Each structure stands twice: as C-alpha cells, then as structure tokens.
Amino acid sequence: MSQRHSKVEGKKLTSFPVGGLTIEKLWKLFSKGEASILEVNLNYLEKANQLNDTLNAFITIFPEEEIRKQVKTAEEMYRRGEATPLTGVPISVKDNINVKGFPTTCASKILENYISPYDATVVKKLREAGAVIIGKTNLDEFAMGSSTENSAFGPAKNPFDLSRVPGGSSGGSAVSVAADISVASLGSDTGGSIRLPAAFCGVYGLKPTYGLVSRYGLVAFASSLDQIGPIAKTPRDLSLLLDVISGFDPMDSTSWKGELKTWEIKPSDLGSMRIAFLRDIDDGLDEDVKKAYQSFLSYLEREGAELVESEISSLKYSIPVYYLIACSEASSNLARYDGVRYGRREMAEDYRSMVALTRGRGFGNEVKRRIMLGTFALSAGYFEEYYLKAQKIRTLIKEELKLIFKVADVLLIPTSPTTAFKLGEKINDPLKMYLSDIFTTFVNLAGVPALSFPVGLDSNGLPIGLQLIGPHFSEGKLLSLAQTITSFVGNKKGV
Ligand code: GLN
C-alpha cells in the first residue's frame, strides 16, 4: 500500500483490441481440463506484481497463500461438479468494496489501516460462484474523480499511454482488465466511474439499473446514485458477471425485489432496432470522438437500424445537478469518519480537535471540497435554492429520458467528450475535470443502465468509447446489442 509511480513514461503496454483470457474462454479451458486453475491464477498474480510498479492498478494485491486457498475452493467445485462460469477465474475488486480480512482503503489515508470485517454482498456472490479475488484496485479517493489522480496512493496509469490517465474513478479496475492483470473486475459507478475508465482503457463497462446489484458492503459515496457493476473484455463476460452479482438483497433497502432474470445474450436484429442519438452534442467534443460517433451511427443505419434524432434539453444542467446531489449525499455519508468509528484517529486534547485533526489529515483536497460544497447546499436557507432545485431537475431528466425510450429502444452517445487526457492536465481545475462527466452523470440521476464499449482508436492511438443507454432493467438488450456490434468493433482499428 505504498505510493507507486511509473518509471516508464509514455511507453505503451496494450494494443487494441484488448487481448488476453476471458471468463468465457477460461470456463471452456477449465471445464475440459485444458488449463490448471492454479497455474492460471499464479500467472495472473505474478503479472500483477510485476506490472503494478508501472501501472499502479492495485492498492492491494493478495498474497499467494490467499490465492492458493481460493483456488483450492474452485478446484473442489469443479471436482464436485458444482462449477459455474466464474469458478477459478481471477477477478479484481475496486477498493471501495469490502473483502473480509483485507484492507478497504477507498484510496484514502483516513482508511489506510482499515480491515474489512465482512464481505460485501457482491463479494459473497463471487465467492459462491467460485471466483478467485486477486486484489483491490486503485480509485479516486472515495470514488470522487474522473482520472484516478485523487488516489492517496498515487494515480493509476493508462496502459495505452503511461503519461495519460486511465479515467476514473474505477481506473485501477479498468487498467487491470486492459493490461490483462485480471480477467475482469468490479467497479462502482456514481456518475460514470465504470464507464469513463472503461472507455479510456478500451474495455467494456456496465452500470446496471439502480437497485439491481446490492450496495451492501460498498462504501457509500452518494447513496441514491451509487451502483456496482462489471468491467470486462467482452459483453458476454459482462453478462456472466452481472448474472452472479445481481439480485435482491435484504441487506440493501434499495435492492430491487423483482424476479431475477438471467442476463442472457441473444443476437440482436439491428434491422428492428430504434436507436436514439443526440445531434447537438458537439460542444467540447473531440474531433476524433465526433467522427467515431458519426461513423458508428452510419454503420447502424447501413445495418438497417432506425436512427431517431433526439434531444435532452436538461442535459446541460446535469453536471451542476449531479455535483450538488452527489456532494450533498457525500457530506452526510462521510460524516461517519470521525476518528471514533472507522480507521484513522489523530490524538488531541479534546473530542472536537480530535475529529478536526483526523478529518483534516485523513481526507484529500477533493473530498474536503465536496464535503464543504454538500454541507453548504444542505444548510438552512440554501437547501431550497440548491438541493431542492437540483432534485426537481433530476425528475425532469428522468421524464425526458422516458420520452426518448417511448420512441427508441436505446440511446447511443459517446461515453466521454475526449479520449484519455494527460496526467496532471485537469487535476488543478476541478470544473474542467467535472466536465469529463457530461455524458455519464445524467444516467445515474435517472437510475437507468448504460454500457460503454470500445469503437476504435483516435489519431493518438487512444481508445474511444461509446455508450448504450436503455430504460430500467434493459441490461439484456444492452448486452445483446453490444455483443452484436462487436463484429464492427473487432474489424476496426481506428476511426
Ligand atoms: N466523476 C464523477 C465524480 O467525480 C463520478 C464518480 C463516480 O462515478 N464514482 O463524482
């Protein structure tokens, strides 16, 4: 858990499309006895340890002894005929999700020495499926950020160009998948944190419908927006993971009680698809991203899809609305780090000074900025003017999206207005950083699912991501559509 910086600036580690093993491939290999679960996991572990100095994808890599223990369980499941597609597969988990007996730092100094006393529900489910959890991935402190530069343990690096950010806040998870030091990963998405890093690192990321995946054991940032989801190399792998982690959980009061579906992938007939797109989103959009978006829309049209021109007039408010709501909820959620109940404690003469010192030293700048902003927005006299107004616009955004889904099956837009930017480029200008989230935050405000997929590379060789957004619980459709269009993606090396 030390600060790690890359020594290999500007070097490229990964080429497009992202290679390596998938859950699907490993399932076949393990089932036929053509690969050893132990060997595969020890290889991944070795590679993770070797590359972490350069990539800083992991905050904690689990010791070999722990991996061997989990491998044994997986082997027994195969022996007893109880194996699932995830059995024996090396998976990484974002370090804001509790894995019992190991640190959950949230990339914060305030939780540096905190050891998880229990497994998050998603981790419990991964274990039941026989997955091997190999470590905890780097993130922006408490998942607040878009570049992973807000980590107290140093930024993660983009494997396509080590001088660039991997996106955030689940940057470590996306890097671990893109650089093939884990087969797949779990991230969390409050305003784009699964999709943005997936786009910047050329992999697939899914933010599920709010309530579909239990948040129990996920450290809360903004509870009405947070959602755990998978990052993987193929849509099929996303669906295999979603299958395992989704479902009702009595430990999460916002968990969806509906009937559990299998997120099975069926070939989508593009000819019967109505795909909404936004015409007026040119502002601040990179030329290469715009080209990729347009050429992808033309491809869909050629394949027979009906393109539906749409507009979200409230989109321009989504950044201030998101940051007001997210910061307000964060200011309340993070009140629990008082030096008494969790993690770090700075000793002082009295209670107040102890709390002030602990929080002052334990939190980084971005976290402090958000706590202050949120506390201000919730305070008497300002509540109606800011928080309440933001909630009203949130409803408006939901309504506008509903209208789109009346006339279209899905909405297709870029995941981010740019490709991966340089480390340090936006870190001192929070507003510039927040604008990276222009196409992602409204999705969380509406609670709908969205899937980011890679479409090619820009002129600098950096991945471009687009995202499919659908109505609540349309994950099956998004996954099937993403699978259908991978043929286009697979044949394309640039824009
Ligand atoms: N980038 C957004 C933020 O900083 C989203 C973060 C997230 O989804 N966890 O809040």
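Check the entry above for the structure.
Let us look at the structure shown here. For every chain, the first residue of the written sequence is number 1, and numbering continues from 1 along that sequence. Residue-level local features of this predicted model are given only where pLDDT is at least 70; pairs of side-chain atoms are given and counted only at 80 or more, and the full residue set underlies all totals for whole chains, interfaces and linings. The side-chain quantities take in all heavy atoms of the structure and omit both hydrogens and water.

**Some details on the overall build of the chain**
Secondary structure elements are taken from DSSP: a helix is a run of H or I of four residues or more, a strand is a run of E of two residues or more, and numbering for both begins at the N terminus. Tallying secondary structure elements over the chain gives 15 helices and eleven strands in all. Note that the radius of gyration is over C-alpha atoms, with the globule rule given as 2.2 Å times the number of residues to the power 0.38. Taking 2.2 N^0.38 as the reference for a compact globule, 495 residues should give roughly 23 Å; the C-alpha atoms of the chain span a radius of gyration of 21 Å, in line with that estimate. The principal-axis extents of the C-alpha atoms in the chain amount to approximately 70 × 60 × 50 Å. Each residue is placed in one exposure class: buried if its accessible area under a 1.4 Å probe, protein chains only, is under 20% of its type's maximum, exposed if it is over 50%, and partly exposed if it falls in between. A buried classification covers 62% of the 495 residues belonging to the chain. At a minimum sequence separation of 6, the contacts of the chain that also span at least 24 residues come to 76%. Residue-level accessible areas treat just the shown protein chains as cover; the underlying method is Shrake-Rupley with a 1.4 Å probe. Total accessible area computed for the chain in this model is approximately 18,800 Å², and 52% of it derives from carbon and sulfur atoms. Within the chain, the 57 negative side-chain charges are centred at a point lying 2 Å from the centre of the 58 positive side-chain charges. Throughout, a residue-residue contact means that at least one pair of heavy atoms, one from each residue, lies within 4.5 Å. Working convention for charge: Lys and Arg count positive, Asp and Glu count negative, and His plus the chain ends are omitted. We put the charge of a Lys on NZ, of an Arg on CZ, of an Asp on CG and of a Glu on CD.

**Looking at the pattern of salt bridges**
Within this document, salt bridges are pairs made up of a side-chain nitrogen of Lys or Arg and a carboxyl oxygen of Asp or Glu, the two lying within 4 Å of each other. One pass over the structure, following the stated rule, counts 23 salt bridges. The shortest N-O distance in the salt bridge between Asp189 and Arg195 comes to 2.9 Å. The exposure class of Asp189 is buried, given its relative accessible area of 0%. In this structure, Glu287 and Lys290 form a salt bridge, with 3.7 Å as the shortest nitrogen-oxygen distance. Residue Glu287 and its partner Lys290 are located together in helix 8 (residues 287–302), separated by three residues, close to a single helical turn.

**Examining the site of the ligand**
The immediate surroundings of the ligand are formed by 15 residues, with Thr190, Gly191, Ser193, Tyr322 and Arg370 found nearest. A distance of 2.9 Å separates a nitrogen atom of the ligand from a polar atom in the side chain of Ser146. Here a polar contact is taken to be a pair of N or O atoms separated by no more than 3.5 Å, where protein atoms must pair a possible hydrogen donor with a possible acceptor and residues adjacent in sequence count only if both atoms sit in side chains. A distance of 3.2 Å separates an oxygen atom of the ligand from a polar atom in the side chain of Tyr323. Computed on the free molecule, the ligand has an accessible area of 290 Å², of which 100% lies beneath the protein chains in the complex. Looking at side-chain class alone, the shell around the ligand contains five nonpolar, seven polar and three charged residues. Distances are taken per atom, and a residue is near a molecule or strand as soon as one of its heavy atoms is within 4 Å of it. Each residue gets one of three labels, nonpolar for Ala, Val, Leu, Ile, Met, Phe, Trp, Tyr, Cys and Pro, charged for Asp, Glu, Lys and Arg, and polar for the others, Gly among them.

**Points about helix 1 (residues 23–31)**
Residues of helix 1 that are buried: Ile23, Leu26 and Phe30. Looking straight down helix 1, one finds that the buried residues subtend no more than 60 degrees of arc, so they occupy a single side. Those residues of helix 1 that are buried are in contact with helix 2 (37–55), helix 3 (64–79), strand 2 (90–94), strand 4 (184–188) and helix 7 (235–245). What the arc measures is the spread of directions leading from the helix axis to the C-beta atoms.

**Observations concerning helix 5 (residues 171–178)**
Within helix 5, eight of the eight residues are buried, leaving the element largely enclosed by the surrounding structure. Considered for burial, the residues of helix 5 that qualify are Gly171, Gly172, Ser173, Ala174, Val175, Ser176, Val177 and Ala178. One or two steps after helix 5, the chain reaches Asp180, where phi turns positive at roughly 55 degrees.

**A short note on the sheet that holds strand 3 (residues 132–137)**
The mixed open sheet is built from eleven strands, whose spatial order is 1-3-2-4-6-5-10-11-9-7-8. Whereas interior strands pair on both sides, the edge strands pair on one side only; in this sheet they are strand 1 (58–61) and strand 8 (306–310). Neighbour-to-neighbour, the strand axes of the sheet open up by a mean angle of 25 degrees, direction not taken into account. In this analysis an axis means a line fitted to C-alpha atoms, helices contributing only their contacting stretch, and an angle means the value between N-to-C directions, from 0 to 180 degrees. Each of strand 7 (274–278), strand 8, strand 9 (410–414), strand 10 (450–457) and strand 11 (463–469) touches helix 8; the most contacted strand, strand 9, lies at about 150 degrees to it. DSSP-based pairing: two strands are paired if at least 2 bridges between them are found.

**A short note on the pairing of strand 5 (residues 204–207)**
Regular strands show a simple pattern: their side chains alternate between the two faces of the sheet. What you see with strand 5 is no split at all: Tyr204 and Leu206 on one side and Gly205 and Lys207 on the other are buried throughout. Across two bridges, strand 5 lies against strand 6 (residues 228–232) in antiparallel orientation. Across the sheet, the residue bridging to Gly205 is Ile231, located in strand 6. Examined bridge by bridge, strand 5 and strand 10 share three bridges and lie antiparallel to one another. In the sheet register, Lys207 faces strand 10, and the bridge partner there is Ala450.

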